[in-house]
Amino acid sequence: MKNIAVISKSDATGGGASRIAGGLVQLLNNDHKFEVHHWVGRPGINSDWYTFKLHGGQWLSLIQGAFSIASRTIGLPDFITPELWIHLQRKTVDYDLYHFHDISFTFSPLALSWLVKRKPIIWTFHDCSPFTGGCIYPMDCKAHYDHCNNCPQLDLLPLGTSIDFTGYMQQYKRRLLQQRPIVPIFPSRWLATEAMKAVDFKITPVVIPNYVDTNIYKPLDRGMVKTILGLPQDRFIVLLTATNLSEARKGSNLAIEALKQMNPPPFILAIGKSDKNQLEFFQGLTFYSTGYIYNDQLLAQYYAAADVFLFPTLADSFGCVAIETMACGTPAIAFATGGVPEIIEHNKTGWLAKTGDVQGLVDGLNYAVNNLKLLAAWRTAGLQKVQERYTKELFLAAHLKIYQKVLNNDYADL
């Protein structure tokens, strides 16, 4: 049996990228073709048997933290950090293959460069950071297409520094991907295309869409779920959800603008943390806030209770939440951002507006409210698309194929 190490920022209790990584590990271990260990920077409280802390125990974590602060102080965030040395000291098996996911705050590109000379490496890109100077999404900045410099996000995490070496860091990652046989996987064609504008990859990129667990995320009786959750039966319910509703990239402020233009305004179901006063944020609207929900089964019930999901993201490589709500029979009204149009087909499985177009969201919401038969058709088409493209069986099979070829040193036609 082959041993595989999957490395990500967190496990399934973390954000979207780490949840996908954690889900992949579980699927692989259930399949029994490999033994897979998940090495994470920040494990959850109730981690599975196969989850290990990448940065070690208390003292090793303190050492990692000190190096992390120092690396930001000198303008090289997450470059000069000791996680590989810690991992090599703590691992109990010799891994045949390493699969990386989100490595910001987690794994140094210098360490990746050392490791790829010794082991096969697969790297799933969940955002733009592997081919930028460090930012997750460049937003309006175009420097990464040529050479990162004068970074407008320098003081923001995951960079969080005052010294601009983004050009050097980007060039280092570019050379690594151009010269070494790292297999790059992308969840969307959009992200793969963006990466290829910046990097001439040695190994041709592979697109594997993310998946949704349809045993958990599935349609439920909307009336019954509303009763169980204490939601109003006689109101059109619009879902807003994000890890942090206040994060500018999620566009929740634009969603509020759109919702306030509706007459009458719908009932808002808000899921996620918020750094703002929610009474002020949702002023003039009727809403119920759940806070951040860690339990998938409960989250799926809330998704299934809503009539539509309002998804005003301003930057997104894929949008796992869009396929989760779709699998629950709740279509999305969204900005046509990044990889989102690969999931939501305009007026077939949902509604798309130009990124930043608040009136486009208003039009979509009004269209849904006033055309309930069409809304039902969106639901049916969305459920069919989930079964055709986003099941865990398809996701697992695509990864097993790549693992077998890479372990056989066959990088052709991945």
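Below is a summary of the structure that appears in this document. Quick caveat, the model's predicted, so the values are computed rather than measured.

**Observations concerning the overall build of the protein**
Piece 1. A count of helices and strands for the protein gives 14 helices and 13 strands.
Piece 2. The C-alpha radius of gyration computed for the protein amounts to 22 Å, which stays within 12% of the reference 22 Å derived for 414 residues, consistent with globular compactness.
Piece 3. Once the C-alpha set of the protein is aligned to its principal axes, its extents read approximately 60 × 45 × 40 Å.
Piece 4. Across the 414 residues that make up the protein, the buried fraction comes to 56%.
Piece 5. Contacts in the protein between residues at least 24 apart in sequence constitute 64% of all its contacts with a sequence separation of at least 6.
Piece 6. Each charge sign in the protein was given a centre, from 38 positive and 35 negative side chains, and these centres are 3 Å apart.

**Overview of the sheet that holds strand S8 (residues 237–244)**
Piece 1. Spatially, the 6 strands line up as an open sheet ordered S10-S9-S8-S11-S12-S13, and their pairing is parallel. One side of each edge strand has no neighbouring strand; the edge strands of this open sheet are strand S10 (286–291) and strand S13 (350–353). Strand-to-strand, the axes of this sheet are offset by a mean angle of 20 degrees, without reference to chain direction.
Piece 2. Where S8 lies against strand S9 (residues 267–273), 6 bridges are found, and the strand directions are parallel. When the bridges of S9 are listed, Leu240 appears paired with Ala270.
Piece 3. Across the face of the sheet, helix H8 (residues 252–260) comes into contact with S8, S9, strand S11 (308–311) and strand S12 (332–335) while running at roughly 165 degrees to S8.

**Thoughts on the pairing of S12**
Piece 1. Judged from the 3 bridges that link them, S11 and S12 form a sheet pairing that is parallel. Bridge pairing in S12 links Phe309 to Ala332.
Piece 2. A crossover connection joins S11 to the parallel S12 through helix H11 (residues 320–327); in handedness this β-α-β unit is right-handed.
Piece 3. The pairing of S12 with S13 spans 4 bridges and is classified as parallel. Bridged to Ala334 within S13 is Leu352.

**A closer look at the sheet that holds strand S7 (residues 206–207)**
Piece 1. If you trace the 7 strands from one edge of the open sheet to the other, you get S3-S2-S1-S4-S5-S6-S7, paired in parallel fashion. Two strands bound the open sheet, and with one partner strand each, they are strand S3 (51–53) and S7.
Piece 2. As judged from the 4 bridges shared by strand S1 (residues 2–10) and strand S4 (residues 97–100), these two strands associate in the parallel manner. By the bridge assignment for S4, Ile7 is matched with Phe100.
Piece 3. Against the sheet, helix H14 (residues 392–407) makes contact with S1, strand S2 (34–42), S4, strand S5 (121–124), strand S6 (182–186) and S7, and its axis sits at roughly 135 degrees relative to S4, the strand it touches most.

**Some thoughts on the layout of surface pockets**
Piece 1. Space inside the second largest pocket adds up to approximately 320 Å³.
Piece 2. Along the walls of the second largest pocket sit 18 residues, with Met139, Lys142, Trp190, Leu314 and Ala315 positioned nearest its centre.
Piece 3. Across the lining of the second largest pocket, the residue classes break down as 10 nonpolar, 4 polar and 4 charged.

**With respect to the pattern of salt bridges**
Piece 1. Inspection of the entire model under this criterion finds 13 salt bridges.
Piece 2. The partner of Asp296 in a salt bridge is Arg19, and the shortest N-O contact between them spans 3.0 Å. Here Asp296 is found in helix H10 (residues 296–305), whereas its partner Arg19 is found in helix H1 (residues 16–31), with 277 residues between them in sequence.
Piece 3. We classify Asp296 as partly exposed; its relative accessible area is 25%.
Piece 4. Here Arg19 falls in the partly exposed class, since its relative accessible area comes to 23%.
Piece 5. Here Lys392 ties to Asp213 by a salt bridge, and the two come within 3.7 Å at their closest N and O atoms. In this pair, Lys392 is assigned in helix H14 and Asp213 in the loop between S7 and helix H7 (222–229), connecting sequence segments 179 residues apart.
Piece 6. Residues joined by salt bridges that share partners form a network here, namely Arg19, Asp296 and Glu324.

**Structural notes on the packing of H11 against helix H13 (residues 372–389)**
Piece 1. Interhelical geometry of H11 versus H13 gives an angle of 115 degrees and a closest axis separation of 8 Å. The interaxial crossing formed by H11 with H13 has left-handed handedness. Where H11 abuts H13, its residues Ile323, Met326 and Ala327 lie against Gly382, Leu383, Lys385 and Val386.
Piece 2. For the contact of H11 with H13, a count of residues per class yields 5 nonpolar, 1 polar and 1 charged.

**Regarding unusual backbone geometry**
Piece 1. The omega torsion across Leu157 and Pro158 is 15 degrees, close enough to zero to call that bond cis.
Piece 2. The residue Pro158 is located in the loop between S5 and helix H5 (166–179) in this model.
Piece 3. Residues Asn263 and Pro264 are joined by a peptide bond in cis, for which omega reads 0 degrees.
Piece 4. When you line up the elements, Pro264 lands in the loop between H8 and S9.
Piece 5. Of note, the phi angle at His32 is positive, near 70 degrees, even though the residue is not glycine.
Piece 6. Under the relative-accessibility criterion, His32 is labelled exposed at 59%.
Piece 7. Positive phi values are uncommon outside glycine, yet Asp413 reaches one of about 55 degrees.
Piece 8. Looking at where Asp413 falls in the secondary structure, it is placed in the segment after H14.

Conventions and cut-offs
Residues numbered from 1 in each chain as written. Predicted model: local features only at pLDDT ≥ 70, side-chain atom pairs only at ≥ 80, totals over all residues. Heavy atoms only, no water. Helix = DSSP H or I, 4+ residues; strand = E, 2+ residues; numbered from the N terminus. Rg over C-alpha atoms; globule rule 2.2 N^0.38 Å. Buried < 20%, exposed > 50% of the residue type's maximum accessible area, 1.4 Å probe, protein only. Contact = heavy atoms within 4.5 Å. Lys, Arg positive; Asp, Glu negative; His and termini not counted. Charge placed at Lys NZ, Arg CZ, Asp CG, Glu CD. Pairing = 2+ DSSP bridges. Axes fitted to C-alpha atoms, helices over the stretch in contact; angles between N-to-C directions. Right-handed = clockwise from strand over helix to strand, strands pointing away. 1 Å grid on protein atoms, 1.4 Å probe; cavity = no way out; pocket = protein on both sides within 12 Å on 5 of 7 lines; lining within 4 Å. Points joined across faces, edges and corners; volume = space filled by probe spheres on them. Nonpolar A, V, L, I, M, F, W, Y, C, P; charged D, E, K, R; others polar. Salt bridge = Lys/Arg side-chain N within 4 Å of Asp/Glu carboxyl O. Left-handed = near helix turned anticlockwise from the far one by under 90°.

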